Amino acid sequence: MGEVAQNGDREIAVIVFAPPGARPNLITSMVEQLDSSRWFSTAPVTWSLPSYGILDQPTVVEALSRRVASAGDVPACGGYTGSPHPLLLAKELEYEVSRGLKNEEQSGVLDVFPQSPRLLLASDPDSRRPEAAHVYSTYVKAFSRGISPAKKASPRLLFAVDGHDRSLPVLRADATKTEDSLFSRLRALLKQQGSGVVVVVNAVTGDSVERLDGALTRISPHTARVVLSGMEPQWVDTHGNRPEASVSLGEPAACRPNLIRTSTTVNRLRFDYPENPQRVLETMSDERTVARFEGPCDGNPPPGRTLHASMMGTVSLQMDPYEVQFSRGRLSRFGGGVGKKRTQLLADPVGGKLRTAKHSYEITPSNAFSFDDAATGARGLMSIHSLSGEEIESPGRLMVDYTAIEDFPWLIVEMCFEFPVLSAAAEIKELIPFALPIRVPEGREAQTLTTRYPDGTGSRLDLSEVSGAGCAFGSLVQIENHLSISCLTEYRTITAAFPFEKRRALGGSTLTLYPFGRFRSEAVLERAGTASRVRFALSVGSRDYEEILNAPEAVLKESSASSQLG
């Protein structure tokens, strides 16, 4: 059952995350690797286990039960489906946590393993909403809050244990590609961080256990005795440190492009069946296990729209309460009246780019047309942008509609981006289809970012304590009385991640929003030749979210239908 820790020992708690939709044979394969390991055959690991699709599988339960009996493994709740908590409405979140613990199908972690601690290890916890903290503290004794990055130290995994905050140094085993690098980083952590370290392993990653086994074998002669421990609330409380008073959490997986907003299917289910969160959660989980991509952008104008002459010069658009200017097809100015002052919200014109190891390619405007629609009273600008270069075999294309509708105080931004196909030799660093740089004044009144969900829940984030990349979640984001940004869908139930990056600048700060997200190499290659669509609304000042919930159908309905591939 593993060694008993003594004073001076270095204790490591290994968390094995079973991702949503993981195939049963991959979980049982991980169990076999642990059983054949020198270190883990008789020492415990802690599992994060969603119920749906994992703990309802007899082969998985049999394999895990054998590990619990032989090695003392600790099963922890990973939720019902493992869906990202920041994208869930409050009722869905409570259902996700409670059913992950116990449910009528007897597949909750406490149904299958009654002696398990009430520990919630969600892969994407909600760290900011008070309603989320209330759900967690109601159902479990301890829960993870996410990972806090550190500029000059190791990242730390944050916990709440019986209402007290704790943090532990954490290492992602899957982020290290070789045994040598894993050995070096783990040894450094054990020397610097005292007695308790957490190592995170993905249950479907093939060689993580083998590399970790080798690294632990090499570490043993060079440091104090290493003991593997199961993670329980008491262990976290004993080995964790009190975190700093103010904690900035890193970018959760929900803010990455794999699920940056809820799908049309999920939004429709929420709208049609508000009292049935189970269907929503199971659909979200199923969608994460199957790659779904949208078809090419439709370049034809919607019925009723009249396109006018090319407008590649400077174009202005005024609509109460905002004023907009375009320069060569780019949104270059967006502002209006806030209180008794006129304000300009953009720090720079909007843009996008692809970075490779050799070059940086800008997404450049190729044409722009003004338009109007007599039936809806809409008018605006349609701009077409292209992404091409020597390493790009098939160019990318971005189409953006900026639409103003009479008596609706928001500028509607509707975008479709077709991903480029790159040459096999291209070493991709990052692709940003669209970046919206917002000027944030230094005044304290402009340093609070608030969010709102359709069910009235929400959160607050102090921007003065944020530097670098971050993420906000909800359906509406407001920078105090400066700017409002909202998702837009005909079902009025969409929730989304709002990725951003904050940088200091003269006279204030710049908060750059990335509505599509930021795509790394693998995601760019995976999406080559497909498209992605985003729709949101901008307004000056602090707007009432009821304007979005009660918006007319002409506002909520998309201009063109999205086709699905795969």
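Before going into details, it helps to say that this report is about the structure given with it. Bear in mind that the values here come from a model prediction, so they are computed numbers and not experimental data. (Residues numbered from 1 in each chain as written. Predicted model: local features only at pLDDT ≥ 70, side-chain atom pairs only at ≥ 80, totals over all residues. Heavy atoms only, no water.)

## Some details on the packing of helix H4 (residues 90-101) against helix H6 (residues 130-139)
No. 1: One can describe the packing of H4 onto H6 by two numbers: an axis separation of 10 Å at closest approach and a directional angle of 20°. Considering their axes alone, H4 and H6 lie roughly parallel with respect to each other. Remark: the crossing between H4 and H6 carries right-handed chirality. Of H6, the residues touching H4 (which contributes Leu 93, Glu 94, Val 97, Ser 98 and Leu 101) are Ala 132, Val 135, Tyr 136 and Tyr 139.
No. 2: Class assignment for the residues of the contact of H4 with H6 results in seven nonpolar, one polar and one charged. (Axes fitted to C-alpha atoms, helices over the stretch in contact; angles between N-to-C directions. Helix = DSSP H or I, 4+ residues; strand = E, 2+ residues; numbered from the N terminus. Parallel < 35°, antiparallel > 145°, perpendicular 65-115°, else oblique. Left-handed = near helix turned anticlockwise from the far one by under 90°. Contact = heavy atoms within 4.5 Å. Nonpolar A, V, L, I, M, F, W, Y, C, P; charged D, E, K, R; others polar.)

## Points about the sheet that holds strand S24 (residues 428-440)
No. 1: In space, the six strands of this open sheet follow the order S17-S16-S24-S31-S30-S27, with antiparallel pairing throughout. Across the chains shown, the open sheet's two edge strands, defined by having one partner strand only, are strand S17 (360-362) and strand S27 (468-474). Direction aside, neighbouring strands of the sheet carry axes that sit 35° apart on average.
No. 2: Looking at chain direction, S27 and strand S30 (residues 496-505) are connected through seven bridges and run antiparallel. Within the sheet, the bridge partner assigned to Gly 470 lies in S30 and is Phe 500. (Pairing = 2+ DSSP bridges.)

## Re the pairing of strand S3 (residues 74-77)
No. 1: Burial of the side chains of S3 extends over both faces: Val 74 and Ala 76 are buried on one face and Pro 75 and Cys 77 on the other.
No. 2: Taken together, the four bridges between strand S2 (residues 46-49) and S3 define a ladder with parallel strand orientation. Opposite Trp 47, over in S3, you have Pro 75 as the bridge partner. (Buried < 20%, exposed > 50% of the residue type's maximum accessible area, 1.4 Å probe, protein only.)

## Overview of the sheet that holds strand S13 (residues 322-327)
No. 1: Taken in spatial order, the four strands make up an open sheet running S12-S13-S14-S15, and their pairing is antiparallel. Every other strand in the sheet has two partners, leaving strand S12 (314-319) and strand S15 (341-344) as the edge strands with one partner each. Across this sheet, the average inter-strand angle for adjacent strands is 15°, counted without regard to direction.
No. 2: As judged from the four bridges shared by strand S14 (residues 330-338) and S15, these two strands associate in the antiparallel manner. Opposite Gly 337, over in S15, you have Arg 342 as the bridge partner.

## Looking at the packing of aromatic side chains
Aromatic rings in a pair are described by how distant their centres are and how their planes are angled relative to each other.
No. 1: The full count for this structure, using the stated rule, is nine aromatic pairs.
No. 2: Ring geometry for Phe 271 and Tyr 491: centres 6.0 Å apart, planes at 65°, overall edge-to-face. Placement of the pair is Phe 271 in helix H10 (residues 264-272) and Tyr 491 in the loop between strand S29 (483-487) and S30, with a sequence separation of 220 residues.
No. 3: Owing to a relative accessible area of 42%, Phe 271 belongs among the partly exposed residues under this scheme.
No. 4: Grouped by ring-pair contacts, the aromatic residues Phe 417, Phe 419, Phe 516 and Phe 519 constitute a single cluster.
No. 5: Lying across the ring of Tyr 514, Arg 518 places its NZ or CZ 4.7 Å from the centre. (Phe/Tyr/Trp six-rings, centres within 6.5 Å; stacked < 30°, edge-to-face > 60°. Lys NZ or Arg CZ within 6 Å of the ring centre and 35° of its normal.)

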